[in-house]
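# Architecture and fold: a report
Residues per chain, in single letters:
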Amino acid sequence: MKPKRRVITTPGGRSGKRTPTVRRIRSAIVPAPPKGPSGTSRPVPGSPTAAARTTGTQPPGALEPPVASGFDGEVDLQVDLAPGRGGLDLSNPLVGAAGAFGFGVELVDVLDIERIGAIVTRGVTLKPRAGNPGRRVVDVPAGLLNSIGLQGPGVDAVIDRYAPTWARWSTPVIVNLAAGSAGDFAELARRLDGVPGVAGLELDLACQPSRGGTRFALDPAAAGAVVTAVRRATSLPVVAKLSAEATDVRSVARSVVEAGADAIAAINTVAGLAVAGDRSGPLLGTGYGGLSGPAIRPIALRVVYEIAQVVEVPIVGSGGVTGIDDVLDLLAVGASAVAVGTAALADPMLPVRLADELADVCRRQGLSSHRPLVGSALPARPAPPSARGVEYRP
Amino acid sequence: MAVRAGQYVHLLRDDGIGPPRRLPIPVEATDRAGGLVSLVVPAGRDGWLARGRPGDGVGLMGPYGRPIERDPRSRHLLLIAEGDRVAALRLLMDEALADGSQVVVLVGAATAREVYPSSLLPDEVEYVVATGDGTLGHRGEVVDVVGEFEAWADQSVAAASQPTLEALARLAAGRRERLGVAKLGRKRGGGRPDAPGSAAARRRAYLQVIVDQSMGCAAGACLGCVVPAVGGQSLRACREGPAFAVDELDWEAG
C-alpha cells in the first residue's frame, strides 16, 4: 500500500504555500550545466558566483541577480555521492541528517519523502540497544544537546521492519551504522549488503571503540581501519562521517578516502554539557551530550573547507543549517550535498523547501545546475590547516 | 479539532538565534465556540515568550499524544500535580465535572508563591495545597496528602516530576491491599487482559500519569523523550504518551 502523504504548511508562516508532489525533472531534458573553461565545477567567469568570489564580500545567495538573464527552466539539482561506484544518485542535494528523521517511516505523515534528496537513518547497531537513561535532549542557545545512546532494535530488525518500505521509495535511504569495532562495522555492512531499499551506508565514526581508546573519528588510522573493513564487506556506497574534534581533520579525511570511502559527511555533533537547574550535576542522564544546531555552524564550515581541499570525493556538509544561506555557504566551501538535522526536528519539510529555494537561487543567477556553486569559496592554493593556528600565526 | 485531556501541543520556541524548537505544552483549556486554546507556559530561563507583545503570533502544532481515559463508572476523581503542571489537568477537570463527577485537586509547591492560583481552576473542584515550607496549606510534599483521599478516589491522575510520580506509583501499587477494595473492571474475572498501551488499559487503571519529558521532534523519530516501560521496553512520551497507565511504566529503572 502506498503511504498516505500529506503536505504540511510551514509553521511560522515563512512560506506557507502548498508544494506540489513532483520530482525535479532529470537532466536528460535539461541543457547540460555550463562548465568552466577547464571543465571543472569552478564558477563560470563573469557569473555572479565568480563575482562574489573575486569581491569576496558576500555569499552567493546574498546577491541580487546582476544580469537580466535569469534561467527559467527546470534546474538540475542532481548529486551523485558515489561516482566511482555505480552511483548514489540524489534528486537534490538536501539530505535528512542521521537522528532527526528516525528510520524515515515515522515521518511519512509530515514529510514528502519523495522530494527529499536522501534520508540518513538513525544509528543502527548489531544488537538491540535500550539507549541512555534519564534526560536525553535539552535546548541550549542556538542548538540542541542530545544523548540518545543509539536506542534501536538492531540491524536484523531494521532490515525486517523498514527496508521493505524504503524499497518502495524513489528517495535513497542511507543507513547510518554505529559499532564498537571495525569488525562489527564490517558485520553490519555485510548484513545490509544487497538488501533492497538500502542505497548506501554512513559510518558513524564518532562511536567509541568497545576495547577502549578515543573515538574512531579522532584517529586517522582507526578511522581508516573501519572504512577498510567495511569496504571489504560490501559493495554499497560508503560515506564516512567525521568529527570536528579531530586534531587535524584533513588527515582523517585522507585516511578514510584512501581506505575506500566514496564520500565524507561532516560534521557530527560536538561534545558539550548542560548543567541541571539545581546545579547538582549535569542535566543529561549521561552527562555529556552532542551539540548540534547553529551553535556549531562555523565549525562545520571550517571542517568542510579543510576537507574539501585535500580530498576529491563528494562531501555531505552538515551543522546548523536552518536556511538557504547556510546551504549556499556549505556548498561554497566544497560540500556537494547538505544535511539538515536539528532544524528539521521542528520542521521536517525544511530540506524539501531548501531544495526549492536552491533551485530559485540558481534560476536567479542564470544557472541550470547548482554545481557551479560548489567550492566557490575555496582558495586557489591550499590554505594552511587550522591545526597549525587559527587566531594567531607566528 | 477536538483536544482531549492529557494531550499537548507544540509551541514553536523561536528565540531568534537558533532554529525554532518544539516546546511541548499541555493544553490547559479549549473554547470550541470561540476557537480558543489556552496554554500555561513555564517561564524558562530566557523568558523568550515574555519578550513578545500581545497580538504577536507564535507557531503552534498539535494536538499530539494520547489522552487520559476516565472510566465512565468512576465518580470520584483525584488529581495530583506539582506547581503549574496542574494546568495539564484542567481539561480533565472540565470533562469530569461535566459528567457529574466530584474532583479533588492536590497541588504541591515549594512555597506559597509558586502555588497555582485557584482562581484559574473551576469553582467546583476541591483544591488542597501542600507547600514544602508550610507557607500555605499542608507542610510537606503533595504525596503526603494523598493517603487522605485514597479511599475516596475511584480514579487518579498525576502530573508531576519523576520522583513524585515514582512515589505515587508505589502508593498506587499497595492501594488495593491497604483498602481491601474491589477492582473496577469486569464482573467476571475472565476475558482477555487489555492490550498494553491501549485506551482500555488506561481507562481501567487506578492511576494514570502525565510524564514530563523534553522532546525533540514529537513525531517519534528522535527518541529524545522515551520513558522506561515494563519488560525492558521503552515508550515515547510524544507518541505512546504523554498519558500512561501507571503499570505500563517501569518505575524502578533509571
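Conventions adopted
Residues numbered from 1 in each chain as written. Chains lettered and ligands numbered in written order. Predicted model: local features only at pLDDT ≥ 70, side-chain atom pairs only at ≥ 80, totals over all residues. Helix = DSSP H or I, 4+ residues; strand = E, 2+ residues; numbered from the N terminus. Buried ≥ 20, exposed ≤ 12 C-beta atoms within 10 Å, placed from the backbone. Contact = placed C-beta atoms within 7 Å. Pairing = 2+ DSSP bridges. Axes fitted to C-alpha atoms, helices over the stretch in contact; angles between N-to-C directions. Parallel < 35°, antiparallel > 145°, perpendicular 65-115°, else oblique. Left-handed = near helix turned anticlockwise from the far one by under 90°. Expected span 1.5 Å × (residues − 1). Core = buried A, V, L, I, M, F, W, Y, C linked by C-beta atoms within 7 Å. Right-handed = clockwise from strand over helix to strand, strands pointing away. pLDDT = per-residue confidence, 0-100.

## Overview of the overall build of chain A
Across its full length, chain A carries 10 helices and 14 strands. Here chain A holds 394 residues, and 51% of them are scored as buried. Taking the intrachain contacts of chain A between residues at least 6 apart in sequence as the baseline, contacts between residues at least 24 apart amount to 73%.

## A few points about the overall build of chain B
For chain B, the helix and strand inventory stands at 5 helices and 13 strands. Relative to its full complement of 254 residues, chain B shows a buried share of 42%. Pairs at least 24 apart in sequence give 61% of the contacts found in chain B among residues at least 6 apart.

## A short note on the sheet that holds strand β1 (residues 8–13) of chain B
What holds strands together in a sheet is hydrogen bonding between their backbones, with the strands either parallel or antiparallel. Residues and elements named next belong to chain B. In space, the 4 strands of this open sheet follow the order β3-β2-β1-β4, with antiparallel pairing throughout. The two strands at the open ends of the sheet, each matched to only one other strand, are β3 (36–39) and β4 (60–64). Strand-to-strand twist in this sheet, taken as the mean axis angle between neighbours without regard to direction, amounts to 45°. Of the pairings in the sheet, the one linking strand β2 (residues 21–31) to β3 comprises 4 bridges and is antiparallel in character. By the bridge assignment, A29 is partnered in β3 with S38.

## What to know about the sheet that holds strand β11 (residues 270–273) of chain A
Residues and elements named next belong to chain A. Across the sheet, 4 strands lie side by side as β5-β6-β12-β11; this open sheet has antiparallel pairing. Edge positions in the sheet fall to β5 (137–140) and β11, since each has one partner strand and no second. With direction set aside, neighbouring strand axes in the sheet form an average angle of 40°. Examined bridge by bridge, β11 and strand β12 (residues 288–292) share 4 bridges and lie antiparallel to one another. Paired with A271 across the strands is G290, a residue of β12.

## Side note on the packing of helix α4 (residues 182–192) of chain A against helix α5 (residues 220–233) of chain A
Residue and element names in this part refer to chain A. For the pair α4 and α5, interaxial distance at closest approach is 8 Å and the crossing angle is 30°. Taken together, the axis directions place α4 and α5 in an arrangement best described as roughly parallel. Considering how the two elements wind past one another, α4 and α5 form a crossing that is right-handed. Listed contacts from α5 to A182, G183, F185, A186, A189 and R190 of α4 are A225, V226, A229, V230, R232 and A233.

## A look at helix α7 (residues 297–308) of chain A
Residue and element names in this part refer to chain A. Between its terminal C-alpha atoms α7 stretches 16 Å, which fits the 16 Å expected from 12 residues at 1.5 Å a residue. Counting buried residues in α7 gives 9 out of 12 residues, a clear majority hidden from the surface. If you check which residues of α7 are buried, you get R297, A300, L301, V303, V304, Y305, E306, I307 and A308. Looking at the buried side of α7, the elements it contacts are α6 (249–258), β10 (263–266), β13 (315–318) and α8 (324–332).

## Examining the nonpolar core
Among the nonpolar cores identified, the biggest contains 192 residues, and A:I264, A:V304 and B:L79 are the most heavily contacted of them. At 8 residues, the largest contribution of residues to this core is made by helix α10 (residues 350–364) of chain A.

## As for the pairing of strand β14 (residues 337–340) of chain A
Strand residues, when the strand is regular, have side chains that alternate between the two faces of the sheet. All names here are of chain A. Burial along β14 is two-sided: the residues A337 and A339 and V338 and V340 are all buried. By the bridge criterion, 3 bridges tie strand β3 (residues 94–96) to β14 in an arrangement that is parallel. By the bridge assignment for β14, V95 is matched with A339. Following the chain from β13 across α8 to the adjacent parallel β14, one finds a crossover that is right-handed.

## Side note on α5(A)
Residues and elements named next belong to chain A. Between its first and last C-alpha atoms α5 spans 20 Å; for 14 residues at 1.5 Å apiece the expected length is 20 Å, and the two agree. Considered for burial, the residues of α5 that qualify are P220, A223, G224, V226, V227, A229, V230 and A233. In this fold, the buried residues of α5 make contact with α4, β8 (200–204), β9 (238–241) and α6.

## A short note on the confidence of the model for chain A
Residues shown with low pLDDT carry predicted positions that ought not to be read at fine detail. Residues and elements named next belong to chain A. With 82% of its residues at a pLDDT of at least 70, chain A reaches an overall mean of 84. Here residues 7–62 scores under 50 on pLDDT; set against residues more than four positions off or in separate chains, the count is 100 contacts. The low-confidence segment residues 64–68, where pLDDT is below 50, has 7 contacts with residues more than four positions distant or belonging to other chains.

## Structural notes on the environment of A:S280
Checked against the element boundaries, A:S280 lands in the loop between β11 and β12. As for A:S280 and A:A217, which are separated by 63 residues in sequence, their C-alpha atoms are 32 Å apart.

## As for the environment of A:S255
All names here are of chain A. With respect to the secondary-structure elements, S255 resides in helix α6. Placed 27 residues apart in sequence, S255 and T228 show a C-alpha to C-alpha distance of 9.8 Å. Those residues in contact with S255 that lie beyond four places of it in its chain are P220, A221, A223 and G224.

## Digging into the environment of B:R13
Residue and element names in this part refer to chain B. Looking at the secondary structure, you find R13 in strand β1. A count of 21 C-beta atoms within 10 Å places R13 in the buried class. Between the C-alpha atom of R13 and that of Q213, which follows or precedes it by 200 residues, the distance is 16 Å. Beyond its immediate stretch of four places on either side in the chain, R13 contacts P20, R21, L23 and W48.

## Topic: unusual backbone geometry
Each neighbour pair has its own omega, and for A:A266 with A:I267 the value is 10°, a cis peptide bond. With respect to the helices, strands and loops of the structure, A:I267 is situated in the loop between β10 and β11. Omega for the bond connecting B:G62 with B:P63 falls within 30 degrees of zero, at -5°, which places this linkage in the cis form. Structurally, the position occupied by B:P63 is in strand β4. The backbone of A:R279 sits at a positive phi, close to 60°, despite the residue not being glycine. In this structure, A:R279 sits in the loop between β11 and β12. Residue B:L223 is not a glycine yet carries a positive backbone phi of 60°. Here B:L223 falls in the buried class, since 25 other C-beta atoms lie within 10 Å of it.

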